There are 2 protein chains.
Amino acid sequence: MKELTPNRRMFIKSLGVASASSLLLPSGVFGGIPIWSTTVGDIIDRFIGEVSGAPFSQTVDTLKAGRRDMEVTGVVTTMFATIDVIEKAHSLNANFIIAHEPTFYNHLDDTEWLEQDDVYLYKKELLEKYAMSVWRNHDYVHTLYPDGVQQGVVDRLEWNDYFDPDNRNRYRIPAMTLESLIEHLKKSLGIKTVRYIGNPDQSCSRILLMPGASGGRRQISLTSAEKPDVLICGEISEWETAEYIRDARSKGDSISLIVLGHADSEEPGSAFMAEWMGANFPNIPVTNIPATNPFSFR
Amino acid sequence: MKELTPNRRMFIKSLGVASASSLLLPSGVFGGIPIWSTTVGDIIDRFIGEVSGAPFSQTVDTLKAGRRDMEVTGVVTTMFATIDVIEKAHSLNANFIIAHEPTFYNHLDDTEWLEQDDVYLYKKELLEKYAMSVWRNHDYVHTLYPDGVQQGVVDRLEWNDYFDPDNRNRYRIPAMTLESLIEHLKKSLGIKTVRYIGNPDQSCSRILLMPGASGGRRQISLTSAEKPDVLICGEISEWETAEYIRDARSKGDSISLIVLGHADSEEPGSAFMAEWMGANFPNIPVTNIPATNPFSFR
């Protein structure tokens, strides 16, 4: 495909929207003329407005700190609003973090069980001290067409020519060995070490690409249906997906599994969000701060 | 503690039971006199009989293949009844596998969603062809006092002198660096590579040891209550426990996390089960076949 991908088309459309709306919702001070400010809610609503079927009645994409009516001085996009990312955002005079994953260590960001926990309390008070808003953009960015996280990853891998419009987890790349594929993934996504199951000499062309932690049943069901040469995931449950792949190989299937690590596998989604911010709110400073992979290997 | 651990006492008690019951429930042919056989159900019931509060009305510890009334020719204990382990068991003339984890890639061994999957069908048919029974012993072995898996791990680590009877996840070991601790874990448990978060030079004495995948909330809650120098887990959700430890360190806590890998972290539990079989059913051949860690690192 040499034509524009849907992603690129969407950006052009987004830019159009931004230009029009900047007349309606100007931000800050321009040419000495005071103009309206942009709030946390303005940014959230603009993004949600691009998502089919949104807003969702049930979603984890809620404000984890701050308020909708807070005037935005700057935005940081990231995978995780870690304490480190919060400190960096504050030092950049940004007061709005758009994160992809939970702030408080569980999918629903339930904090009742953490009320006595000093790590939670420290983080909560830090966010209050800095008057920082945090919004999780998970369900919405994944429901965007194309999925903003997937698109960010594919851009980095330079696989836009290889995706199948019928199934955006399915790619047919020029054949390479599993070893070469791992090197390409590591280099493109800035990963030091991956876990894998497979023969480094196996030829890989049919790829099932599933960044993040989409769950054992979904990973296995898609693998079962697609029969790829290799399944690439962000995170898995070892006793689910890894054991399925191990048994498939024992049965005689030529199939491999590469586990990239959750943060590294979806961080390009926060680069996508920074690009979206720049296109839609060009007057607001935006910085993509990768949360980075927390693990070392030894 | 130089005295016998509860584990050792239990084995002596178990041996006593075995000696007594072998008069009641003899097995095979002895001295030309035909004697009663041992069934899958006999072994399951004997084990369950040692567990407080058992049998449980709700448990994942069900027969995954075979029948309770099947006469046992030999037993294999393992973490996962992989296709490879099934083949090895059959070659040893064993027809009963006691596994710790699921056979069919999900916690409840629900197979309805796998009815069209050829890996599942191959494994199911292989088990039928070999007339092999598979029992999951997860909830029961963890509820035994002491937890049979934890005890197996502690035996390998030679930490029986260091556990706290009030909390068997808590150990106070002679201080060593995180780097040395990792080397000790790898050597004792036969692990090639671990993932970790922390400073290799950190001094570690207060250990929270949680083999397996006990879940983010339990791992975090115990860490919050215990404030260990290092949390050692089998498997985690990266966006839960790893992010909590990362934030705790950013806050200033001197704490580390070591992730051993699920299979390696609990495989000593299947060695424990082989020992239990030998003590309780000395006439039945038993072999511990480690499922091994499926992952390579690159």
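The rules behind these values
Residues numbered from 1 in each chain as written. Chains lettered and ligands numbered in written order. Predicted model: local features only at pLDDT ≥ 70, side-chain atom pairs only at ≥ 80, totals over all residues. Heavy atoms only, no water. UniProt positions renumbered as here; feature names shortened; annotations may be inferred. Contact = heavy atoms within 4.5 Å. Buried area = accessible area lost by both parts, 1.4 Å probe. Salt bridge = Lys/Arg side-chain N within 4 Å of Asp/Glu carboxyl O. Polar contact = N/O pair within 3.5 Å; in protein donor to acceptor, adjacent residues only side chain to side chain. Helix = DSSP H or I, 4+ residues; strand = E, 2+ residues; numbered from the N terminus. Pairing = 2+ DSSP bridges. Domains from an automatic or database assignment. Nonpolar A, V, L, I, M, F, W, Y, C, P; charged D, E, K, R; others polar. Axes fitted to C-alpha atoms, helices over the stretch in contact; angles between N-to-C directions. Parallel < 35°, antiparallel > 145°, perpendicular 65-115°, else oblique. Buried < 20%, exposed > 50% of the residue type's maximum accessible area, 1.4 Å probe, protein only. pLDDT = per-residue confidence, 0-100. Right-handed = clockwise from strand over helix to strand, strands pointing away. Least-squares fit on C-alpha atoms with pLDDT ≥ 70 in both.

In the annotation of an unreviewed UniProt entry, chain A is listed under the name Nif3-like dinuclear metal center hexameric protein and assigned to Fulvivirga sedimenti. The heading Sequence similarities (unreviewed entry) in the UniProt record of chain A holds the text "Belongs to the GTP cyclohydrolase I type 2/NIF3 family."

Novice: Tell me about the interface of chain A and chain B, and please be specific about residues and values.
Specialist: Each side of the interface is counted separately: chain A has 62 residues, and chain B has 63 residues. Between chain A and chain B the total buried area reaches about 5500 Å² when both faces are included, carbon and sulfur atoms providing 58% of it. The largest contributions to the chain A side of the interface with chain B come from Trp239, Phe295 and Arg298 of chain A, which together make up 18% of the buried area. Put simply, chain A and chain B have 10 salt bridges between them. The shortest N-O distance in the salt bridge between lysine 123 of chain A and aspartate 247 of chain B comes to 2.6 Å. Where chain A meets chain B, there are 34 residue pairs in polar contact (both at pLDDT 80 or more). With 11 residues, the single largest contributor to the side of chain A that touches chain B is helix α9 (residues 238–251) of chain A.

Novice: Quick rundown of the sheet that holds strand β14 (residues 296–297) of chain B? Include the residues and the values.
Specialist: What the 7 strands build is an open sheet, ordered β7(A)-β8(A)-β10(A)-β11(A)-β12(A)-β9(A)-β14(B); its pairing is mixed. The strands lining the two open edges of the sheet, one partner per strand, are β7 (163–164) of chain A together with β14 of chain B. Here strand β8 (residues 167–177) of chain A runs beside strand β10 (residues 203–210) of chain A; their pairing, made up of 5 bridges, is antiparallel. Across the sheet, arginine 172 of chain A pairs through a bridge with arginine 206 of chain A, a residue of β10 of chain A.

Novice: Give me the domain arrangement of chain A: which residues, what numbers.
Specialist: Residues and elements named next belong to chain A. Its domain assignment divides chain A into domain 1 (8–12 + 35–144 + 266–288) and domain 2 (166–263). Across the contact, 6 residues belong to domain 1 and 5 residues belong to domain 2. Of the roughly 390 Å² buried between domain 1 and domain 2 on both sides combined, carbon and sulfur atoms contribute 59%. Here domain 1 and domain 2 share 0 salt bridges between them. Counting every contact that joins domain 1 to domain 2 gives 4 residue pairs in polar contact (both at pLDDT 80 or more). Residue classes in the side of domain 1 that touches domain 2 are distributed as 3 nonpolar, no polar and 3 charged.

Novice: Give me the packing of helix α6 (residues 148–157) of chain A against helix α10 (residues 262–280) of chain A: which residues, what numbers.
Specialist: Helix-helix packing is described using two parameters, namely the angle between the two axes and the distance between the axes. Residues and elements named next belong to chain A. Direction vectors running N to C along α6 and α10 enclose 100°, while the axes themselves pass 7 Å from each other. With respect to α10, the element α6 is oriented roughly perpendicular. Packed against α6, whose contacting residues are Gly148, Val149, Gln151, Gly152, Val153 and Arg156, the element α10 presents Ser265, Glu266, Pro268, Gly269, Ala271 and Phe272 at the interface.

Novice: Pulling in residues and values, what's your account of the UniProt feature "binding site: a divalent metal cation" (unreviewed entry) in chain A?
Specialist: Residue and element names in this part refer to chain A. UniProt marks His100, His262 and Glu266 with the feature "binding site: a divalent metal cation" (unreviewed entry), using the numbering shown here. Spatial clustering of the annotated residues is evident: they stretch over 167 residues in sequence, but the largest pairwise C-alpha distance comes to 11.2 Å. Looking at the secondary structure, you find histidine 262 in helix α10. The exposure class of histidine 262 is buried, given its relative accessible area of 2%.

Novice: Give a description of the confidence of the model for chain A that names residues and reports values.
Specialist: All names here are of chain A. Across chain A, the average pLDDT comes to 90, with 88% of residues at or above 70. Confidence drops under pLDDT 50 across residues 1–29; counting only partners more than four residues distant or on other chains, this segment forms 52 contacts. As a predicted assembly, this complex carries a pTM of 0.89 together with an ipTM value of 0.89.

Novice: Provide a residue-level description of the pairing of strand β6 (residues 133–136) of chain B, including the pertinent values.
Specialist: Burial along β6 of chain B is two-sided: the face carrying Ser133 and Trp135 of chain B and the face carrying Val134 and Arg136 of chain B are both buried. The β-α-β motif built from strand β5 (residues 96–99) of chain B, the intervening helix α4 (residues 118–129) of chain B and the parallel element β6 of chain B has right-handed crossover chirality.

Novice: Quick rundown of the relation of the copies chain A and chain B? Include the residues and the values.
Specialist: The transform that puts chain A on chain B rotates by 180° and translates by 0.0 Å along the axis, for an RMSD of 0.0 Å. Expressed as an axis order, the relation between the two copies is that of a two-fold axis. Looking at the rotation axis and the C-alpha trace of chain A, the residue lying nearest is serine 237 of chain A, at 4.0 Å. Looking at the interface residues of chain A, 100% of them are also at the interface in chain B, so both copies use one shared face.

Novice: Give me the sheet that holds strand β4 (residues 75–78) of chain B: which residues, what numbers.
Specialist: Whether parallel or antiparallel, the strands of a sheet pair through hydrogen bonds between backbone atoms. Residue and element names in this part refer to chain B. An order of β3-β6-β5-β4-β13 is seen for the 5 strands of this open sheet, with the pairing classed as mixed. Pairing within the sheet leaves two strands with one partner each, and these edge strands are β3 (63–65) and β13 (286–288). Each neighbouring strand pair of the sheet contributes to a mean axis angle of 25°, computed without reference to strand direction. Pairing of β4 with β5 involves 4 bridges; the strand directions are parallel. Within β5, the position partnered with valine 76 by the bridge is isoleucine 97.

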